[in-house]
Amino acid sequence: MRCHHFASGACRSCPHIGVGYRHQVAAKQHAVRELLDPRIRAVDVDPDQLWADPALSPEARFRNKAKMVVTGTAEQPKLGILDQHQHPKHHDGSGVDLTDCPLYEPGLEAAFGPIAEAISEAGLVPYNVGKRTGELKHVIVTISPQQQLMIRFVLRSTDQLPALRTVVPALRDRLAQLQTPAAVVTANLLPVHQALLEGEEEIPLAGDETLRMLLNGVPLNLRPQGFFQTNTVIAAELYAQATAWVDALPPQDQPRSVWDLYCGVGGFGFSLAQAQSGPAKGQRRRVWGVEVSTEAIRAAQRTSADLDCADTVRFVAGDATALAQDHPDDVPDLVVVNPPRRGIGADLARWLNSTEEIRHVLYSSCNAKTLAADLEQLPDFAPVHARLLDMFPQTDHYEVLMLLSRC
Ligand SMILES: C[S@@+](CC[C@H](N)C(=O)[O-])C[C@H]1O[C@@H](n2cnc3c(N)ncnc32)[C@H](O)[C@@H]1O
């Protein structure tokens, strides 16, 4: 694949863009096995029997979220990134237009033009990082599998909020994906002069409070500040693979209760809430999701209410390690962990290892190095399935899913 932004050096986000896609995946598979196979052999499992074929992504048009820095002028705004060749401290505020980035889903690309028009019509002045002037810092756009949009304008203050409000109806007229009540338009306030993407205050401007992300038949909800996996095709495969492995456990090993730690909006938890196939098909499982983001938890609670299952599938905001250790009487058969890049850490891993009621751990990791370190602290568990899922084509990154059972 070719990208003129990468060829010119303007954007360096996709270091493997010139490498054939099959080769990229083979290199990732090699890298993940180098990291994890020694640990797999250490518990007497043959790695060749363990690894499923990698899950392949479309190599382009797979990103469901665009985080655009706004540069240029109110008359001619540019959506993309800051000029990478300048030092952040002495930046003149100039940027690179990335609206034709080949990674974005087509529905995102189609939205960028109307968004730029709305910015011009409202006279929103792009924020200049060097001079610390201007109002509009970023535009963050997410597209759902059903092609509905969430558009968030990240402003430095409320000064230009009235002007933004006046152009939202025209923006909705221009974009079919915003005309449904299920779409979302907000302003986010980021008053500090720091290299952050968004602030804490979110102001609804139009549409619903959440974007409906229907995945594998599960109507997940996403609130503006919640996390969602960036590649919809691979996210669907990730949850489907997790469900298939768990459902296929022998009857005596079927989990009746599940903790979904680092649950985000509950993708794993809702997928595992009912056995879809296998010996326990149709059986409901008790699920408890834990996540530090209160916005993600609110979104997950809405899905529980929508599905009328709040009695068996509940979500709590808090730190995964602290909450797990604080509930010794409520320990489940299966724990799902899907932490950020730093992994789950030694405390949680040791607690999982020493808590004998926990029979299975399903570990979904975006960083195989920290996964390898965490596995060192889980010596009483042996891997029974492993799979690489290529969440991030054109880069070194990938997701790896592993089901571990107590030896
Ligand atoms: C890789 S995301 C996974 C989200 C979710 N499992 C999914 O499939 O979309 C990691 C999540 O961990 C959350 N998180 C970070 N630190 C945490 C902590 N100490 N305790 C609980 N959740 C945490 C983040 O807010 C984020 O939603």
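Bear in mind the structure is a predicted one, so any value in this text is a computation, not a measurement. Per chain, residue numbering runs from 1 following the sequence as it is written. With pLDDT at 70 or above as the cut-off, local features in this predicted model cover only qualifying residues; side-chain atom pairs require 80 or more to be listed or tallied, and sums for whole chains, interfaces and linings still use all residues.

Chemist: Describe helix 5 (residues 161–174), with residues and values.
Modeler: An ideal rise of 1.5 Å per residue puts 20 Å on 14 residues; helix 5 measures up with 20 Å between its terminal C-alpha atoms. At Val168, helix 5 is bent by approximately 35 degrees, the largest bend along its length, and proline Pro169 sits one to four residues beyond. Burial is judged by counting other C-beta atoms within 10 Å of a residue's own C-beta: 20 or more means buried, 12 or fewer means exposed, and anything between counts as partly exposed, with every C-beta placed from the backbone. Strands here are runs of E lasting at least two residues and helices are runs of H or I lasting at least four, both read from the DSSP assignment and numbered beginning at the N terminus. Within the sequence span of helix 5, burial applies to Leu164, Leu171 and Arg172. Two residues qualify as a contact pair if the distance between their C-beta atoms, derived from the backbone, is within 7 Å. Where the residues of helix 5 are buried, they touch helix 4 (106–122), strand 5 (149–155), strand 6 (184–189) and strand 7 (201–207). To estimate the expected span of a helix, count its residues, drop one, and scale the result by 1.5 Å. One fitted axis covers the seven residues ending at a residue, a second covers the seven starting there, and the bend at that residue is the angle between these axes.

Chemist: Give a description of the site of the ligand that names residues and reports values.
Modeler: A molecule or strand has a residue near it when that residue's C-beta atom, placed from backbone coordinates, lies within 6 Å of it. Taken together, 19 residues surround the ligand, and among them Phe227, Tyr262, Gly264, Ala320 and Asn338 come closest. Among the secondary structure elements, those contributing two or more residues to the shell around the ligand are helix 7 (267–272) and strand 11 (286–291). Classification convention: Asp, Glu, Lys, Arg as charged; Ala, Val, Leu, Ile, Met, Phe, Trp, Tyr, Cys, Pro as nonpolar; all other residues, Gly among them, as polar. Classifying every residue of the shell around the ligand by side-chain character gives 12 nonpolar, five polar and two charged.

Chemist: Would you mind going over unusual backbone geometry in detail, with residue names and values included?
Modeler: Even without being a glycine, Arg132 presents a positive backbone phi close to 60 degrees. Arg132 sits in the exposed class, given 10 other C-beta atoms within 10 Å. Of note in the backbone geometry, Tyr262 takes a positive phi value of approximately 60 degrees without being a glycine. Along the chain, the position of Tyr262 falls in the loop between strand 10 (257–261) and helix 7.

Chemist: Explain the environment of Ala275 residue by residue, including any values.
Modeler: With respect to the element layout, Ala275 can be found in the loop between helix 7 and strand 11. Judged by the 20 C-beta atoms lying within 10 Å of it, Ala275 falls in the buried class. When the C-alpha positions of Ala275 and Pro255 are compared, they lie 9.4 Å apart, and in sequence the two are 20 residues distant. Residues in contact with Ala275, not counting those within four places in the same chain, are Asp247, Gln254, Ala280, Lys281, Gly282 and Gln283.

Chemist: Tell me about the UniProt feature "binding site: S-adenosyl-L-methionine" (unreviewed entry) in the chain, residues and numbers included.
Modeler: UniProt positions are given in the numbering used here, feature names are shortened, and annotations may be inferred rather than shown by experiment. The sites that carry the UniProt feature "binding site: S-adenosyl-L-methionine" (unreviewed entry) are, in the present numbering, Gln229, Tyr262, Glu291 and Asn338. Tracing the backbone shows Gln229 in the loop between strand 9 (218–222) and helix 6 (232–247). Within the secondary structure, Asn338 sits in the loop between strand 13 (334–337) and helix 10 (345–354).

Chemist: Report on the sheet that holds strand 15 (residues 381–389), specifying residues and quantitative values.
Modeler: With respect to topology, seven strands assemble into an open sheet ordered 12-11-10-13-14-16-15, the strand pairing being mixed. Taken across any chain shown, the strands that pair with only one partner, and hence form the sheet edges, are strand 12 (313–317) and strand 15. Along the sheet, successive strands turn relative to each other by an average axial angle of 15 degrees, direction set aside. Fitting a line to C-alpha atoms yields each axis, with helices limited to the stretch in contact; the angle taken between N-to-C directions then spans 0 to 180 degrees. This element, helix 6, spans strand 13, strand 14 (360–365), strand 15 and strand 16 (399–406) of the sheet and lies at about 15 degrees to strand 16. Strands strand 14 and strand 16 of the sheet are contacted by helix 11 (residues 368–376), whose axis makes an angle of about 155 degrees with strand 14. In this description, strands pair whenever DSSP reports at least two bridges between them.

Chemist: Any chance you could break down the pairing of strand 5 for me, citing the residues and the numbers?
Modeler: Along any regular strand, the residues point their side chains to alternate faces of the sheet. For strand 5, the buried fraction is high: seven of the seven residues fall into the buried class. Residues Leu149, Ile151, Phe153 and Leu155 of strand 5 are buried on one face, and the alternating residues Met150, Arg152 and Val154, pointing to the opposite face, are buried as well. Across seven bridges, the pairing between strand 4 (residues 136–143) and strand 5 is antiparallel. Counted as the bridge partner of Ile140 is Arg152 from strand 5. The loop that links strand 4 with its antiparallel partner strand 5 comprises five residues; one of these, Gln147, has a positive phi angle of about 70 degrees. Examined bridge by bridge, strand 5 and strand 6 share six bridges and lie parallel to one another.

Chemist: Describe the UniProt feature "active site" (unreviewed entry) in the chain, naming the residues involved and giving the relevant values.
Modeler: Residues given the UniProt feature "active site" (unreviewed entry) here are Cys366. Within the element layout of this structure, Cys366 appears in the loop between strand 14 and helix 11. Excluding anything up to four places from it in sequence, Cys366 contacts Arg341, His397 and Glu399.

Chemist: Tell me about the nonpolar core, and name the residues and values.
Modeler: Any nonpolar core is a set of buried residues, restricted to Ala, Val, Leu, Ile, Met, Phe, Trp, Tyr and Cys, that join up through C-beta atoms within 7 Å. Core analysis: the largest hydrophobic core is formed by 112 residues, its most contacted members being Leu261 and Val361. The element contributing the most residues to this core is helix 6, with nine residues. Not counting the four nearest positions on each side in its chain, Val361 is found in contact with Val335, Val337, Leu352, Leu378, Phe381 and Leu404.

Chemist: Give a description of the pairing of strand 11 that names residues and reports values.
Modeler: For strand 11, the tally of buried residues reaches five of six residues, placing the bulk of the element in the interior. In terms of strand pairing, strand 10 meets strand 11 through five bridges, oriented parallel. Following the sheet pairing, Ser257 is matched in strand 11 by Arg286. In this view, the connection linking strand 10 to its parallel neighbour strand 11 by way of helix 7 has right-handed handedness. Sheet topology places strand 11 next to strand 12; five bridges connect them, and they run parallel. Among the inter-strand pairings, Trp288 is bridged to a residue of strand 12, identified as Arg314. Throughout, right-handed denotes a crossover for which the path from the first strand over the helix to the second runs clockwise when the strands point away from the viewer. The parallel pair strand 11 and strand 12, bridged by helix 8 (residues 294–306), forms a crossover whose chirality is right-handed.

Chemist: Give me the lowdown on the environment of Leu171, citing residues and values where you can.
Modeler: Along the chain, the position of Leu171 falls in helix 5. Remark: the alpha-carbon pair of Leu171 and Ile119, spanning 52 residues in sequence, is separated by 9.7 Å.

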